[in-house]
Amino acid sequence: MQIKLKVFRYLPHTGKKPHYDTYEMEVDPTDRVLDVLEQVRADADPGLGYRRSCAHGVCGSDAMRINGRNALACKVLVKDLNSDQITVEPLLGLKVLRDLIVDMEPFFEHYRSVLPYFINDDPIPEDGKERLQSPEQRERFDDTTKCILCAACTTSCPSYWAHGKYVGPAAIVNAHRFIFDSRDTAASERLEVLNEDSGVWRCRTAFNCTEACPRDIEITKAIAEVKQVMYSGKLE
Ligand code: SF4
Ligand code: F3S
Ligand code: FES
């Protein structure tokens, strides 16, 4: 099929204003948007900048706006866009470094602020075995283990656009993953971070994050569960 691809272009160091380049292309309906971008780079402009690595929805590096919605370019098929016009733009709310590449550092700074790693300084069990956990205890945080840190959620959140200091849904998802882990002992430290002005209370339940997540994580629900712990003071 014939498509018209419009791609956001910007090279800050040139001093030129951002603009869009348009490409008329012949593609297969089952091509992914990432394949289309690869085709542009191979045939028309090797200078087109975007991130990619795995090409299979695992690494999270190719999140971008495709026809106005955040998605992974390697997971969106051309035919699923139901249009022969495709517009590809960088994620909103993060500085553009080049074309479709944004500065992810503020995103990872928020991520790091919630201590997104297992903390337990208690001595290991005397029998030398693992810290045991029942299937039900494991199930409690299963959904939030699926995050691949693509930033599609945080950069679709109106509260994040309004206040870049908001830790954002991705950081809360990754805090949730450890707060509800029965083996971890640092829930209160994470809740303290999330109780700050930049924390969970900035969430206005817009749901954009949940709709944007390529891993189908129930983000808004996870945020509500963290808020509930703060209200009740109990990990349930
Ligand atoms: Fe991406 Fe979903 Fe993780 Fe947000 S929660 S960073 S959308 S995988
Ligand atoms: Fe933002 Fe998601 Fe809350 S879009 S306002 S973090 S429900
Ligand atoms: Fe890895 Fe798309 S390239 S998720």
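Below or above, wherever it landed, is the structure these notes cover. Residues take numbers from 1 onward in each chain, read along the sequence in its written order. Each chain takes a letter, starting from A, and each ligand takes a number, starting from 1, following the order in which they are written. For this predicted model, a pLDDT threshold of at least 70 governs which residues receive local features, and a threshold of 80 or more governs which side-chain atom pairs are given and counted, while totals over whole chains, interfaces and linings are taken from all residues. Side-chain numbers come from the whole structure's heavy atoms, not from hydrogens or water.

Some words on the overall build of the protein chain
Stage number 1. Numbering of helices and strands runs from the N terminus; a helix is a DSSP stretch of H or I covering at least four residues, while a strand is a stretch of E covering at least two. Each helix and strand in the protein chain was counted, giving eight helices and seven strands.
Stage number 2. Along the first, second and third principal axes, the C-alpha set of the protein chain runs to 65 × 35 × 30 Å.
Stage number 3. Only protein chains enter the area calculation, which uses a 1.4 Å probe; residues under 20% of their type maximum are buried, those over 50% are exposed, and those in between are partly exposed. The burial tally for the protein chain puts 47% of its 236 residues in the buried class.
Stage number 4. Contacts are assigned to residue pairs with any non-hydrogen atoms lying within 4.5 Å of each other. Taking all contacts inside the protein chain whose residues are at least 6 apart in sequence as the whole, residues at least 24 apart take part in 63%.
Stage number 5. The method behind every accessible area is Shrake-Rupley, applied with a 1.4 Å probe, and residues are considered shielded solely by the protein chains displayed. Working note: accessible area of the protein chain is about 12400 Å², and carbon and sulfur atoms make up 49% of it.
Stage number 6. Charge counting follows a simple rule: Lys and Arg are positive, Asp and Glu are negative, and His as well as the terminal groups are ignored. Charge coordinates come from a single atom per side chain, which is NZ of Lys, CZ of Arg, CG of Asp or CD of Glu. Taken together, the 31 basic and 37 acidic charged side chains of the protein chain have centroids lying 4 Å from each other.

Observations concerning the packing of helix α5 (residues 168-179) against helix α6 (residues 187-194)
Stage number 1. Where α5 contacts α6, the two axes come as close as 9 Å, and the packing angle between them is 155°. Viewed along their axes, α5 and α6 adopt a mutual orientation that is roughly antiparallel. The element α5 and its partner α6 pack so that their crossing is left-handed. Two secondary-structure elements touch here, α5 through Ile-172, Ala-175, Phe-178 and Ile-179 and α6 through Ala-187, Arg-190, Leu-191 and Leu-194.
Stage number 2. Here the residues of the contact of α5 with α6 are counted per class, giving seven nonpolar, no polar and one charged. The axes used here are C-alpha line fits, helices contributing only the stretch in contact, and every angle between their N-to-C directions lies in the interval 0 to 180 degrees. In what follows, roughly perpendicular refers to angles from 65 to 115 degrees, roughly parallel to angles under 35, roughly antiparallel to angles over 145, and oblique to any angle outside these ranges. Each crossing gets its handedness from the near helix: less than a right angle anticlockwise from the far helix is left-handed, clockwise is right-handed. Gly is placed with the polar residues, together with every amino acid not listed as nonpolar (Ala, Val, Leu, Ile, Met, Phe, Trp, Tyr, Cys and Pro) or charged (Asp, Glu, Lys and Arg).

Some thoughts on the packing of aromatic side chains
Stage number 1. The pairing test for Phe, Tyr and Trp rings, Trp by its six-membered ring, is centres within 6.5 Å, and the orientation test on the planes gives stacked under 30 degrees, edge-to-face over 60, and tilted for anything in between. A complete count under the given rule lists four aromatic pairs for this structure.
Stage number 2. Ring centres of Phe-107 and Phe-108 lie 5.2 Å apart, and the angle between their planes is 75°; on these two criteria the pair is classed as edge-to-face.
Stage number 3. For Phe-107, a relative accessible area of 4% corresponds to the buried category.
Stage number 4. The class for Phe-108 is partly exposed, based on a relative accessible area of 26%.
Stage number 5. Ring centres of Trp-201 and Tyr-231 lie 5.4 Å apart, and the angle between their planes is 55°; this geometry places the pair in the tilted category. One end of the pair, Trp-201, is in the loop between α6 and α7 (208-212); the other, Tyr-231, is in helix α8 (residues 219-232), and 30 residues separate them in sequence.
Stage number 6. Classification of Trp-201 as partly exposed rests on a relative accessible area of 30%.
Stage number 7. Classification of Tyr-231 by relative accessible area gives exposed; the value is 60%.

Some words on the site of ligand 1
Stage number 1. The environment of ligand 1 is made up of 13 residues, and the closest members are Cys-147, Cys-150, Ala-151, Cys-153 and Cys-213.
Stage number 2. Because more than half of its atoms lie within 2 Å of the grid, ligand 1 is assigned to the largest cavity.
Stage number 3. Of the residues that constitute the shell around ligand 1, the class distribution is 12 nonpolar, no polar and one charged. We call a residue near a molecule or strand as soon as one heavy atom of that residue lies within 4 Å of the molecule or strand. A 1.4 Å probe that fits into a set of points on a 1 Å grid over the protein atoms alone but cannot get out defines a cavity; an open set with protein on both sides within 12 Å along at least five of seven lines defines a pocket, and lining residues are those with an atom within 4 Å of a point. Occupancy of a cavity or pocket is assigned to a molecule whenever over half of its atoms lie within 2 Å of that pocket's grid points.

Some words on empty space enclosed by the protein
Where empty space is left can be seen by rolling a probe of water-molecule size over the atoms.
Stage number 1. Grid points are joined across faces, edges and corners, and a volume is the space filled by probe spheres set on the points. Summed over the entire model, instances satisfying the criterion amount to one cavity of 30 Å³ or more.
Stage number 2. When its volume is computed, the largest cavity comes out at roughly 100 Å³.
Stage number 3. Lining the largest cavity are 14 residues, with Cys-147, Cys-150, Cys-153, Cys-213 and Ile-219 positioned closest to its centre.
Stage number 4. Partitioned by chemical class, the residues of the lining of the largest cavity number 13 nonpolar, no polar and one charged.

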